[in-house]
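Structural description and commentary
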Amino acid sequence: MTVAGLFAGPAAAAHADPEPAGPCAAGYAAITFDDGPSTLTPAYVRALNDAGWVKATFFLTGAHALDHPQYVTQIAAGGHWIGNHSFSHPFLDELGEPDAFNELLGTNQILQSATGHAPSLFRPPYGRTNPGIRQDATTLGMTEVLWTVDTYDYNGISTDDIVANALTVRPGGIILLHEGYTTTLAAIPRIVEGLAERGLCAGRIVPSTTPTEAWPGTTFFATAAHW
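Residues numbered from 1 in each chain as written. Predicted model: local features only at pLDDT ≥ 70, side-chain atom pairs only at ≥ 80, totals over all residues. Heavy atoms only, no water.

Moving on: the packing of aromatic side chains. All chains considered together, the criterion is met by six aromatic pairs. Residues F33 and Y44 carry aromatic rings whose centres are separated by 5.2 Å and whose planes lie at 80° to one another, so their mutual orientation is edge-to-face. Of this pair, F33 sits in strand β1 (residues 27-36) while Y44 sits in helix α3 (residues 41-50), and the two are 11 residues apart along the sequence. Judged by its relative accessible area of 0%, Y44 falls in the buried class. Residues Y152 and Y154 carry aromatic rings whose centres are separated by 6.1 Å and whose planes lie at 50° to one another, so their mutual orientation is tilted. For Y152, a relative accessible area of 40% puts it in the partly exposed group. Accessibility expressed as a relative area gives 34% for Y154, which makes it partly exposed. Joined through ring pairs, the aromatic side chains of F33, Y44 and F58 make up one cluster. Across from the ring centre of F91, 4.0 Å away, lies the NZ or CZ of R128, which sits over that ring. The positively charged end of R204 is found above the aromatic ring belonging to W81, 4.3 Å away from the centroid. (Phe/Tyr/Trp six-rings, centres within 6.5 Å; stacked < 30°, edge-to-face > 60°. Helix = DSSP H or I, 4+ residues; strand = E, 2+ residues; numbered from the N terminus. Buried < 20%, exposed > 50% of the residue type's maximum accessible area, 1.4 Å probe, protein only. Lys NZ or Arg CZ within 6 Å of the ring centre and 35° of its normal.)

In structure tokens, the structure reads:
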């Protein structure tokens with residue numbers, strides 16, 4: 001609205017230009033990082049802060065959390081969401097029970113000890129899941145979360161390619177990234193900027209009653225929404 005419009009009467013106000021759309025007009029997309037914490041965790045947290053205090057979800061392994069408990073605390077203190085990514089990053093669908101359940105349970109106990117809260121989100125390593133693993137997560141009060149966009153940052157690709165892959169995300173989608181890569185670290189501000197140019201904000205992962213397709217034949221029940 002123009003300065004003149006601020007001082008005009010009701011008739012003028014009725015014909016004023018509409019206010020511009022908000023920064024999240026197109027919705028939300030979740031930024032997620034698997035496999036941490038790592039020695040690069042502080043740099044990832046700083047990059048998110050520098051990009052505008054952006055919040056992300058970190059799916060942590062129990063083994064790495066034991067190695068770097070101070071970084072688990074740092075992630076939580078920054079207001080980021082912490083999810084369970086198993087203890088040792090195995091093919092959970094090949095472990096059988098109770099080993100698969102114990103991978104989740106042990107990690108929950110470690111993360112709860114570090115943060116004071118048990119995780120409410122779970123991501124199976126490699127996306128390898130089955131009904132039994134999903135039930136394990138449900139038993140522990142967690143929603144299984146896969147992804148809608150794989151950036152392939154773990155394949156040694158360039159930062160440019162990571163950014164390009166991430167920005168194919170659609171509203172409500174979930175972007176898969178990983179900790180421990182300098183290329184991914186460099187991609188963070190560019191992904192945030194690219195989302196903003198499309199009217200998308202980094203969102204929090206929440207359960208959904210509507211299935212989301214991760215890849216053909218595989219769905220999960222979560223989406224990105226307002227933080």
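More follows now that the structure is in view.
Along the chain, the position of D153 falls in the loop between β6 (149-150) and α9 (159-166). Dropping the residues within four chain positions of it, D153 is found in contact with I162, L177, H178, Y181 and T184. (Contact = heavy atoms within 4.5 Å.)

Counting 33 residues, the largest nonpolar core has I31, F33, F58 and I191 as the members making the most contacts within it. When residues in this core are grouped by element, the largest group, six residues, is from helix α10 (residues 182-197). Here F58 is in contact with F33, Y44, V45, L48, I75, H80, W81, I82, G83 and E179, once residues within four sequence places are set aside. (Core = buried A, V, L, I, M, F, W, Y, C linked by side-chain atoms within 4.5 Å.)

For the rest of this paragraph, the subject is the state of the cysteines. Applying the stated criterion to the full structure yields one disulfide. The disulfide partner of C24 is C201, and the gap between their sulfur atoms is 2.0 Å. Handedness of the C24-C201 disulfide follows from its S-S torsion of about -85°: it is left-handed. Of this pair, C24 sits in the loop between α2 (10-14) and β1 while C201 is found in strand β8 (residues 200-202), placing the two residues 177 residues apart along the sequence. Taking relative accessible area as the criterion, C24 reaches 25% and is therefore assigned partly exposed. (Disulfide = S-S within 2.5 Å.)

Before going further, it helps to spend a moment on unusual backbone geometry. Backbone torsion omega between G36 and P37 reads -5°, so that peptide bond is classified as cis. Topologically, P37 is positioned in the loop between β1 and α3. Across the junction of E97 and P98, the peptide omega takes the value 10°, indicating a cis bond. As for its position among the elements, P98 is in the loop between α6 (92-95) and α7 (99-115). The backbone phi angle of W53 is positive, close to 55°, even though this residue is not glycine.

The subject of this paragraph is a nonpolar patch on the surface. Taken together, the side chains of Y152, Y154 and Y181 present a nonpolar region at the surface, about 280 Å² in accessible area. Mapped onto the elements, Y154 comes out in the loop between β6 and α9. (Patch = residues over 30% accessible without salt bridge, like charges linked within 9 Å, V, L, I, M, F, W, Y side chains within 5 Å. Areas by Shrake-Rupley, 256 points an atom, 1.4 Å probe, with all protein chains shown as cover. Salt bridge = Lys/Arg side-chain N within 4 Å of Asp/Glu carboxyl O.)

α3 sits mainly inside the fold: eight of its 10 residues count as buried. Taken together, the buried positions of α3 are occupied by T41, P42, A43, Y44, V45, A47, L48 and N49. Backbone geometry just downstream of α3 places G52 in the positive-phi region, at approximately 120°.

Of all 10 residues that make up β1, nine are buried, and the element is covered over most of its length. Looking at chain direction, β1 and β8 are connected through three bridges and run parallel. By the bridge assignment, A29 is partnered in β8 with A202. One ladder, built from four bridges, connects β1 with strand β2 (residues 57-60); its direction is parallel. When the bridges of β2 are listed, T32 appears paired with T57. Remark: the β1/α3/β2 crossover connection has right-handed handedness. (Pairing = 2+ DSSP bridges. Right-handed = clockwise from strand over helix to strand, strands pointing away.)

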